[in-house]
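# A look at the structure
Each chain, letter by letter, is given below.
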Amino acid sequence: MIPTGAMQLIPNDTPTALADAAAVPPAPGSMAGSDWKRLWRDAVRDPRELLALLDLGDLGNRISDTAAAQFPLRVPRGFVARMRRGDPHDPLLRQVLPLDDEERPVPGFGLDAVGDAAARTATGVLQKYRGRALLVTTGACAVHCRYCFRRHFPYDEQTAIRDGWREALDAIARDDSIDEVILSGGDPLSLSTAKLAELTHGLAAIPRLRRLRIHSRLPVVLPERVDGDLLAWISGLRWPLAFVIHANHANEFDAGVDAALARLRGVGATLLNQAVLLRGVNDSADALAGLSERAYAAGVLPYYLHQLDRVAGTAHFEVSDAEAITVHAALAARLPGYLLPRLVRELPGDTGKRPLTA
Ligand SMILES: *Cc1c(COP(=O)(O)O)cnc(C)c1O
Ligand code: SF4
């Protein structure tokens, strides 16, 4: 459950100057809309170009063209700039580079690890938990994360935007139990703000709804997306907005990300972080404490630490439950309670994410 008082837990004087409202740089103006789209299109898509930019040409023989053909590399240049040059183990690089490890079939790692097919109630609508409807708004993402649990999702047929939101809005309007709508994807902020406004205009006609939630990696991987138009749209929403960013490592934050997050807080969004526990990226108490502390400095509270969904091609990222519990206990022993994410796993048929710790 989202802590409803989360906003109050975030003081205005968090230890970064950018979190101070007075220091927030002005939101980019109306030209910014075309700006993020240009940066989006300009993403690195060739694994060998990425390695060249990082002085890691030697790693070329570890790249899998098969994996890259199935789920192409895509990473915005601003995110590449946060990777360490010359470091083959960089935690940001590891999240995006298609490696030959992905080709190895591993028993138990399938195409629909979390039962999305069975949870579909209408085009682009997944409903697994009481009161919450998740919209697979679009299949597009600014960054392609190799561990993604939806890398095999049939986006072509199954996005809510496809029919101009009609089926999704009807399904939500019909179901009296739904009081929260979650915009997911893909990345919902890959849609234009006008398209998002169309959706929330439709949702505003359903008086029962009480909360809106957005899950997006864009404030972290392409912070320019948080432009004046987006902020104006959020300011006009009729529900409290929970904004869940997906950062897995402290190095994903920089001044541009801090500023984007400060802008989101400035229009009243409650900021939460969800991470996936990933071998070689954040599988230590040091890395996870660094992540919680860095996120908090940007005004973001930790929410979930997910065990990897067992999706084909991702086995090399897996951390066993036993090790996850040990790492989480070490984290609990060094952080204040409000900086400790809940360690959970998603299993088909559960009534919510399943906690791995008591
Ligand atoms: C994860 C998920 C949610 C959100 O669960 P919370 O515990 O509320 O964060 C909702 N719907 C679906 C289909 C999900 O997979
Ligand atoms: S941004 Fe999210 S949905 Fe998109 S590839 Fe990454 S993990 Fe998957």
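Residues numbered from 1 in each chain as written. Chains lettered and ligands numbered in written order. Predicted model: local features only at pLDDT ≥ 70, side-chain atom pairs only at ≥ 80, totals over all residues. Heavy atoms only, no water.

### What to know about the overall build of the protein
Defined as follows: Secondary structure elements are defined from DSSP: runs of H or I of at least 4 residues count as helices, runs of E of at least 2 residues count as strands, and each element is numbered from the N terminus. For the radius of gyration, the atom set is restricted to C-alpha positions; the globular benchmark scales as 2.2 Å times the number of residues to the power 0.38. Residues are treated as being in contact if the distance between any of their heavy atoms lies within 4.5 Å. Using a 1.4 Å probe, accessible areas were evaluated by the Shrake-Rupley method; residue-level cover was limited to the displayed protein chains. None of His or the chain ends enter the tally, which takes Lys and Arg as positive and Asp and Glu as negative. To locate a charge, take NZ of a lysine, CZ of an arginine, CG of an aspartate or CD of a glutamate.
On a plain count of helices and strands, the protein comes out with 14 helices and ten strands. Against the 2.2 N^0.38 benchmark of 21 Å for 358 residues, the protein shows a C-alpha radius of gyration of 19 Å, consistent with a compact globule. Oriented by its inertia axes, the alpha-carbon framework of the protein measures out at about 55 × 50 × 45 Å. Considering only contacts in the protein between residues 6 or more positions apart, those separated by 24 or more positions represent 82%. Surface accessibility of the protein: about 14,800 Å² in total, with carbon and sulfur atoms responsible for 54%. Computed over 41 positive and 43 negative side-chain charges, the inter-centroid distance for the protein is 4 Å.

### Re the site of ligand 1
We count it as follows: Any residue with a heavy atom positioned within 4 Å of a molecule or strand is treated as near that molecule or strand. Any pair of N or O atoms that falls within 3.5 Å is considered a polar contact. Within protein, one atom must be able to donate a hydrogen and the other to accept it, and sequence-neighbouring residues count only if both atoms are side-chain atoms. Under the grouping applied here, Gly and all other residues not named as nonpolar or charged are polar, the nonpolar ones being Ala, Val, Leu, Ile, Met, Phe, Trp, Tyr, Cys and Pro and the charged ones Asp, Glu, Lys and Arg.
The immediate surroundings of ligand 1 are formed by Lys128, Tyr129, Arg132, Leu134, Ile182, Arg213, Tyr303, Tyr304, Glu346 and Lys353. Within the contact set of ligand 1, an oxygen atom lies 2.7 Å away from a side-chain nitrogen or oxygen of Arg213. Separating an oxygen atom of ligand 1 from a side-chain N or O atom of Tyr304 is a distance of 2.6 Å. Surface burial for ligand 1 is 93%, taken as the share of its 390 Å² of free accessible area covered by protein chains. For the shell around ligand 1, the elements supplying multiple residues, two or more each, are strand 2 (125-129), strand 3 (132-136) and strand 8 (301-306). When its residues are assigned to classes, the shell around ligand 1 shows five nonpolar, no polar and five charged.

### Remarks on the packing of aromatic side chains
Here is the rule: Each pair of aromatic rings taken from Phe, Tyr and Trp, with Trp reduced to its six-membered ring, is defined by centres within 6.5 Å and is described as stacked if the planes are under 30 degrees apart, edge-to-face if over 60, and tilted in the remaining cases. Burial classes follow relative accessibility: with a 1.4 Å probe on protein chains only, a residue under 20% of its type's maximum area counts as buried, one over 50% as exposed, and anything between as partly exposed.
Under the definition given, this model contains four aromatic pairs. Where Trp36 meets Trp40, the ring centres are 6.1 Å apart and the plane angle is 75 degrees; that geometry is what we call edge-to-face. Highlighted residues: Trp36 and Trp40, both in helix 2 (residues 32-41), separated by four residues, approximately one helical turn. Taking the relative accessible area as the measure of exposure, Trp36 reaches 4% and is therefore buried. For the pair Tyr147 and Phe317, a centre-to-centre distance of 6.1 Å together with 90 degrees between the ring planes defines the contact as edge-to-face. Here Tyr147 is found in the loop between strand 3 and helix 8 (166-174), whereas its partner Phe317 is found in the loop between strand 8 and helix 14 (321-332), with 170 residues between them in sequence. Note on accessibility: Tyr147 and Phe317 belong to one class, buried.

### Brief notes about the pattern of salt bridges
The condition is simple: For this document, the term salt bridge refers to a Lys or Arg side-chain nitrogen within 4 Å of an Asp or Glu carboxyl oxygen.
Inspection of the entire model under this criterion finds 28 salt bridges. A salt bridge links Glu102 to Arg146, with the nearest nitrogen and oxygen atoms 2.9 Å apart. Within this pair, whereas Glu102 is found in the loop between helix 6 (91-96) and helix 7 (116-119), its partner Arg146 is found in the loop between strand 3 and helix 8, the two being separated by 44 residues in sequence. Using a relative accessible area of 0% as the deciding quantity, one classes Arg146 as buried. A salt bridge links Lys128 to Glu346, with the shortest nitrogen-to-oxygen separation between them at 2.5 Å. Here Lys128, found in strand 2, pairs with Glu346, found in the loop between strand 9 (342-345) and strand 10 (354-355); they are 218 residues apart in sequence, far enough to count as distant.

### With respect to the pairing of strand 4 (residues 180-184)
As a reminder, the rule being used: In short, DSSP must find at least two bridges between two strands for them to pair. When the strands point away from the viewer and the connection leading from the first strand across the helix to the second strand turns clockwise, the crossover is called right-handed.
A large share of strand 4 lies buried, amounting to five of its five residues. Taking every second residue as pointing to the same face, both faces of strand 4 are buried, with Glu180, Ile182 and Ser184 on one and Val181 and Leu183 on the other. For strand 3 and strand 4, the ladder comprises five bridges, and the chain directions are parallel. From the neighbouring strand, Arg132 faces strand 4, where its bridge partner is Glu180. Chirality of the crossover, the property in question, places the unit of strand 3, helix 8 and strand 4 among those that are right-handed. In this view, the connection linking strand 4 to its parallel neighbour strand 5 (residues 211-216) by way of helix 9 (residues 193-203) has right-handed handedness.

### Some details on empty space enclosed by the protein
Counted only if it meets this: Only protein atoms enter the 1 Å grid used here. Points where a 1.4 Å probe fits but cannot escape make up a cavity, open sets with protein on both sides within 12 Å along at least five of seven lines make up a pocket, and a residue lines them when an atom lies within 4 Å of a point. Grid points are joined across faces, edges and corners, and a volume is the space filled by probe spheres set on the points.
Applying the stated rule across the entire model yields one cavity of 30 Å³ or more. Each pocket or cavity is described by its volume, and for the largest cavity that value is around 80 Å³. The wall of the largest cavity is formed by 13 residues, among which Asn273, Leu291, Ser292, Pro302 and Pro341 lie closest to the centre. Going through the elements one at a time, strand 7 (270-276), helix 13 (285-297) and strand 8 are the ones with two or more residues in the lining of the largest cavity. Its residues placed into classes, the lining of the largest cavity shows ten nonpolar, three polar and no charged.

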